Amino acid sequence: MSLHLHDVTVTLGKGESRTTALRKLDVTFRPGVLTALVGPSGSGKSTLLAVAGALLRPDEGQVLLNGADLAALTDRERARARRERIGYMFQSGNLLTGLTAEEQLLAAASLAGRRPRALRPKVRALLDEVGLGHRLAHRPDQLSGGERQRVALARALLVEPELLLVDEPTAAVDRARADDLTALIARTTHEHRCVTVVATHDPVVTNAADTTVDMQTHAPAATA
Ligand SMILES: Nc1ncnc2c1ncn2[C@@H]1O[C@H](COP(=O)(O)OP(=O)(O)OP(=O)(O)O)[C@@H](O)[C@H]1O
Ligand SMILES: [Mg+2]
C-alpha cells in the first residue's frame, strides 16, 4: 500500500468562512514508514488526514491508494475501505456514546467483518498497551480526554490497517505516556508495514518518526 495525494485542493466552509485548507498539495507516503505531519495550527494537517481517510472529497486532485483513486470508488466501496483498510484516530477521539472501551474495539472489529469473540484477547492486550487495561468497562463519558483518545488509537490499530491516520495522539497525555504511544505506533508501522501519517506538534513524535512532512513547505499560504 502507498498513499499519494496528487495536486489536492480542499476548500471548507461557505460564504465568509470559506477557507482553502489545502492548495495543490502533492505528497507521497510509503509503507512501513512513520511520517510526522507538522506545521502550525490551521495549516491543514487534520484536513489532509480526512482526505486521505476518505472522509472528505477533495475539490480538485486525486487521492491514490496503491495507484487507485479514492474518488473512483462507489460510496459503498469507500465505506468498506474505511472499515477494513484504514485505521483512523481523530483529534477528538470520536468514540460511540454508550459503549465501553472494550466494546468500542469489538464493534469496530465486527464492522470490519472480523469475529469479535476471537479478537477479545487482542482487544484486551491492545487496551493494556495504551495503558487502559483497568478501564475496559468505562464508557466515553467516564473517561478523560486523553483516555478517550487512547481508546480510539487502540481501535484504529485493532484491524491492522494498511493505512494508519492518527491526529495528535500525544496532545492530551503526559510525557511517559507520549513515549509509550509513540513507540506503539512506530512498532505497528514497522511490523505491519502500514502507511502511517501522524499529525503532531510534539517533538516526542517527530523524533521517533522516520520522516517529516511540513505543511508549510507542501501547502504554502493555505489560508487567506
Ligand atoms: N468547516 C470548516 N469551515 C471553514 N474553515 C475550516 C473548517 N474546518 C477547518 N477550517 C479551516 O481550515 C484550515 C485547516 O484546518 P485543519 O483543521 O486542517 O488544521 P490543522 O493543521 O489540523 O490545525 P491544528 O494543529 O490546530 O489541529 C484552518 O485554517 C481552519 O480554520
Ligand atoms: Mg488538526
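The structure displayed is predicted, hence computed values, not measured ones. Residues take numbers from 1 onward in each chain, read along the sequence in its written order. Whichever chain is written first becomes A and whichever ligand is written first becomes 1, with later ones labelled in order. Totals for whole chains, interfaces and linings use all residues, but because this is a predicted model, local features are given only for residues with pLDDT of at least 70 and pairs of side-chain atoms are given and counted only at 80 or more. The side-chain quantities take in all heavy atoms of the structure and omit both hydrogens and water.

Student: Just to check I follow, could you spell out the nonpolar core for this structure?
Tutor: Across soluble globular proteins, you tend to see nonpolar side chains buried next to one another. Ranked by size, the top nonpolar core spans 37 residues in total, and within it Leu-105, Leu-127, Val-130, Val-151 and Leu-153 carry the most contacts. Of all the elements in the fold, those that place two or more residues in this core are β3 (34-38), α3 (101-111), α4 (116-129), α5 (145-158), β7 (163-167), α6 (175-192) and α7 (203-208). Looking at this core, the element that brings in the most residues is α5, giving seven residues. What makes two residues a contact is simply this: any of their non-hydrogen atoms within 4.5 Å. Not counting residues within four places of it along the chain, the set of residues in contact with Val-151 comprises Leu-95, Ala-101, Gln-104, Leu-105, Leu-127, Leu-132 and Leu-143. Leu-22, Phe-29, Ala-199 and Val-213 belong to the second-largest nonpolar core, a separate cluster that totals 28 residues. In these notes, a set of buried Ala, Val, Leu, Ile, Met, Phe, Trp, Tyr and Cys residues joined through side-chain atoms within 4.5 Å is what counts as a nonpolar core. Residue burial is assigned from relative accessible area. The probe radius is 1.4 Å, only protein chains are included, and a residue is buried under 20% of its type maximum, exposed over 50%, and partly exposed in between. Each helix corresponds to a stretch of at least 4 residues labelled H or I by DSSP, and each strand to a stretch of at least 2 residues labelled E; elements are numbered beginning at the N terminus.

Student: Sorry if this is basic, but what is going on with the confidence of the model for the protein chain here?
Tutor: Interpretation of the predicted coordinates at a detailed level should be avoided for regions scoring low in pLDDT. Every residue gets a pLDDT, meaning the predictor's confidence in that residue, from 0 to 100. On average, the protein chain scores 92 in pLDDT, and the residues at 70 or more come to 97%. The secondary-structure element of the protein chain with the lowest mean pLDDT is helix α8 (residues 215-218), recorded at 84, while β3 shows the highest, at 98.

Student: Help me out: how do you make sense of the pairing of β7 in this one?
Tutor: A regular strand carries its side chains on alternate faces of the sheet. Of all five residues making up β7, five are buried, and the element is well covered by its neighbours. Every second residue of β7 is oriented toward a common face, with Leu-163, Leu-165 and Asp-167 on one face and Leu-164 and Val-166 on the other, all of them buried. Pairing between strands is defined by DSSP: at least two bridges between the two strands are required. Relative to β7, strand β6 (residues 86-89) runs parallel, the two sharing four bridges. Residue pairing in the sheet places Met-89 in a bridge with Val-166 of β7.

Student: Would you explain the sheet that holds strand β8 (residues 195-199) in this entry?
Tutor: Strands in a sheet are paired, the pairing made by backbone hydrogen bonds, and the direction either parallel or antiparallel. Taken together, five strands build an open sheet; the order of strands is β6-β7-β8-β3-β9 and the sheet is parallel. Only two strands of the sheet have a single neighbouring strand rather than two, namely β6 and β9 (211-214). Strand-to-strand, the axes of this sheet are offset by a mean angle of 15°, without reference to chain direction. Strand direction decides the pairing type here: β3 and β9, joined by four bridges, are parallel. Looking across to β9, one finds that Val-38 is bridged to Asp-214. Between N-to-C directions, angles cover 0 to 180 degrees, with each direction set by a line fitted to C-alpha atoms, over the stretch in contact for helices. Against the sheet, helix α1 (residues 45-52) engages β3, β6, β7 and β8, with an angle of about 150° to β7. In the packing of α5 onto the sheet, contacts are made with β6 and β7, and the angle to β6 comes to roughly 175°.

Student: What should I look at first to understand the site of ligand 1 in this one?
Tutor: Close contacts around ligand 1 come from 17 residues, with Ser-41, Gly-42, Lys-45, Thr-47 and His-201 the closest. For the purposes of these results, a polar contact is taken to be a pair of N or O atoms within 3.5 Å, where, inside protein, one atom must be able to donate a hydrogen and its partner to accept one; residues adjacent in sequence count only when each atom of the pair is a side-chain atom. Residue Gly-42 places a main-chain N or O atom 2.8 Å away from an oxygen atom belonging to ligand 1. If you list the elements that add at least two residues to the shell around ligand 1, you get β2 (19-29) and α1. A per-element tally of the shell around ligand 1 places α1 first, with three residues. Residue polarity follows a fixed list, in which Ala, Val, Leu, Ile, Met, Phe, Trp, Tyr, Cys and Pro are nonpolar, Asp, Glu, Lys and Arg are charged, and the others, Gly among them, are polar. Of the residues contributing to the shell around ligand 1, the split by class is three nonpolar, 12 polar and two charged. One heavy atom suffices: a residue is near a molecule or strand as soon as one of its heavy atoms comes within 4 Å of it.

Student: How should I be thinking about the domain arrangement of the protein chain in this particular structure?
Tutor: Accessible area lost on assembly of the parts is the figure often given for the size of an interface. All the domain ranges listed were derived from an automatic or database domain assignment. Looking at the assigned domains, one finds that the protein chain contains domain 1 (1-85 + 161-224) and domain 2 (97-160). Spacing between the C-alpha centres of domain 1 and domain 2 amounts to 22 Å. Facing 18 residues of domain 1, the contacting portion of domain 2 comprises 15 residues. Together, the buried faces of domain 1 and domain 2 total about 1,400 Å²; carbon and sulfur atoms form 62% of this surface. Of all residues in domain 1, Arg-83, Pro-161 and Leu-184 give up the largest surface area on contact with domain 2, accounting jointly for 34% of the area buried on that side. Joining two parts hides part of their accessible area as seen by a 1.4 Å probe, and the buried area is that hidden amount summed over both.

Student: Can you help me understand the pattern of salt bridges in this one?
Tutor: Side chains bearing opposite charge may pair, as long as their charged atoms lie close to each other. Salt bridge, as used here, is a side-chain nitrogen of Lys or Arg placed within 4 Å of a carboxyl oxygen of Asp or Glu. This model, assessed by the stated rule, comprises 13 salt bridges. A salt bridge links Glu-84 to Arg-80; its shortest N-O distance comes to 3.3 Å. Here Arg-80 and Glu-84 lie together in helix α2 (residues 75-84), a separation of four residues that amounts to about one turn. Note on Glu-84: relative accessible area 25%, which makes it partly exposed. One salt bridge in this structure joins Arg-85 and Glu-162, with 3.0 Å as the shortest N-O distance. Note that Arg-85 is positioned in the loop between α2 and β6 and Glu-162 in the loop between α5 and β7, a separation of 77 residues in sequence. On the basis of relative accessible area, Glu-162 is assigned to the partly exposed category, the value being 30%. Sharing partners across several salt bridges, the network here consists of Arg-57, Asp-75 and Arg-78.

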